[in-house]
Amino acid sequence: MTSQLQGQTFQGRRFEGQRLVVASHNSGKVREIIDLLMPLAIEAVSAGTLGLLEPEETADSFAGNSELKARAAAVGLGLPALADDSGLAVDALGGDPGIYSARWAGPSKDFPMAMTKVNDAILELEKRTGVIQTRKARFICALSLAWPDDHVETVQGEVVGNLVWPPRGGTGFGYDPIFAPEGHTLTFGEADPAWKHSISHRADAFKKLLTTVFGPR
Ligand code: IMP
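Residues numbered from 1 in each chain as written. Predicted model: local features only at pLDDT ≥ 70, side-chain atom pairs only at ≥ 80, totals over all residues. Heavy atoms only, no water.

Colleague: Any details on the side chain of Asp 85? Residues and values, ideally.
Modeller: Position of Asp 85 among the secondary structure elements: in strand E5 (residues 81-90). Taking relative accessible area as the criterion, Asp 85 reaches 3% and is therefore assigned buried. Side chain to side chain, Asp 85 and Lys 69 meet in a polar contact 3.0 Å long. (Helix = DSSP H or I, 4+ residues; strand = E, 2+ residues; numbered from the N terminus. Buried < 20%, exposed > 50% of the residue type's maximum accessible area, 1.4 Å probe, protein only. Polar contact = N/O pair within 3.5 Å; in protein donor to acceptor, adjacent residues only side chain to side chain.)

So this is what it looks like as structure tokens:
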């Protein structure tokens, strides 16, 4: 279906249903996505509660990984499924840790260690090249909605900012304590979670879904 949205024509498929699966086993992400869907009167259930296992993230991009997670859930459960893949991309490190953001923290999800790895990698680069590097970085989020017939629509959002060292603040998760969004001095680890959620990479991607796949309902 083609629809006219904010002056642009969306050529993809619109979601017209009332129910979908959130293809994530991360309870924080599931809660955030369920909250975002609530105003649309869409009932969302998590793939975990329906007994679906998560596929291995074998793609080489955020979009590729969110698509494979959404497709596996939609085809496996016979319901439209929404999945996300996200991470921190540091300009000086050529976009690392990127899709490996969770893996840099190891199996024990040690984010103080992962943040130290990011900082050490920039310092090593500066030592090797003799050039002071930018601390510019971005959080990226791909969101994919897949249907049981294997059709998938994907959008990507981001929030740009700067890395700080040492880490600051105890709210949020992952790399939040070393990331201050552009124009702000507070890190996401120090900020009010509601403010973070209004400007985050996930909110940016979700806004794009609202003007495309979910359209005006
Ligand atoms: P995924 O489950 O493969 O998408 O892994 C995403 C990883 O990226 C998380 O484990 C975090 O390390 C990092 N990440 C994604 N979004 C955020 C965020 O909003 N704040 C901090 N870290 C994030």
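Colleague: So what's going on with the sheet that holds E5? Residues and values would help.
Modeller: Pairing is mixed across the open sheet formed by six strands, whose spatial order is E4-E3-E5-E6-E7-E8. Looking at which strands have only one partner, the edges of the open sheet turn out to be strand E4 (43-46) and strand E8 (179-181). In this sheet, adjacent strand axes meet at a mean angle of 35° when their direction is disregarded. Where strand E3 (residues 19-22) lies against E5, two bridges are found, and the strand directions are parallel. Bridge assignment links Val 21 to a residue of E5, and that residue is Ala 81. Packing against the sheet, helix H2 (residues 62-77) makes contact with E3, E5, strand E6 (136-146) and strand E7 (152-163), and its axis sits at approximately 160° to E5. (Pairing = 2+ DSSP bridges. Axes fitted to C-alpha atoms, helices over the stretch in contact; angles between N-to-C directions. Contact = heavy atoms within 4.5 Å.)

Colleague: Describe unusual backbone geometry, with residues and values.
Modeller: In this chain, Asp 96 is followed by Pro 97 through a cis amide linkage whose omega measures -5°. Within the secondary structure layout, Pro 97 lies in the loop between E5 and helix H3 (111-129). Following Trp 165, the chain continues into Pro 166 via a peptide bond in cis, with omega recorded as 5°. Even without being a glycine, Ala 41 presents a positive backbone phi close to 55°. Although it is not a glycine, Lys 109 adopts a positive phi angle of roughly 50°. Note that Lys 109 resides in the loop between E5 and H3. What makes Lys 109 exposed here is its relative accessible area of 63%.

Colleague: Outline the site of the ligand, listing residues and values.
Modeller: In the neighbourhood of the ligand, 16 residues make up the surrounding shell, with Lys 29, Phe 111, Asp 176, Lys 196 and His 201 lying closest. Between Asp 85 and the ligand, the recorded distance is 3.2 Å, taken from a side-chain N or O atom to an oxygen atom. Contact distances for the ligand include 2.7 Å between a nitrogen atom and a side-chain N or O atom of Asp 176. Considering the ligand on its own, with 490 Å² of exposed area, one finds that the protein chains cover 90% of that surface. Among the cavities detected, the one that contains the ligand is the largest pocket. The element contributing the most residues to the shell around the ligand is E5, with three residues. (Near = heavy atom within 4 Å. Areas by Shrake-Rupley, 256 points an atom, 1.4 Å probe, with all protein chains shown as cover. 1 Å grid on protein atoms, 1.4 Å probe; cavity = no way out; pocket = protein on both sides within 12 Å on 5 of 7 lines; lining within 4 Å. Sits in = over half its atoms within 2 Å of the grid points.)

Purely spatial values, then, with no claim about function.
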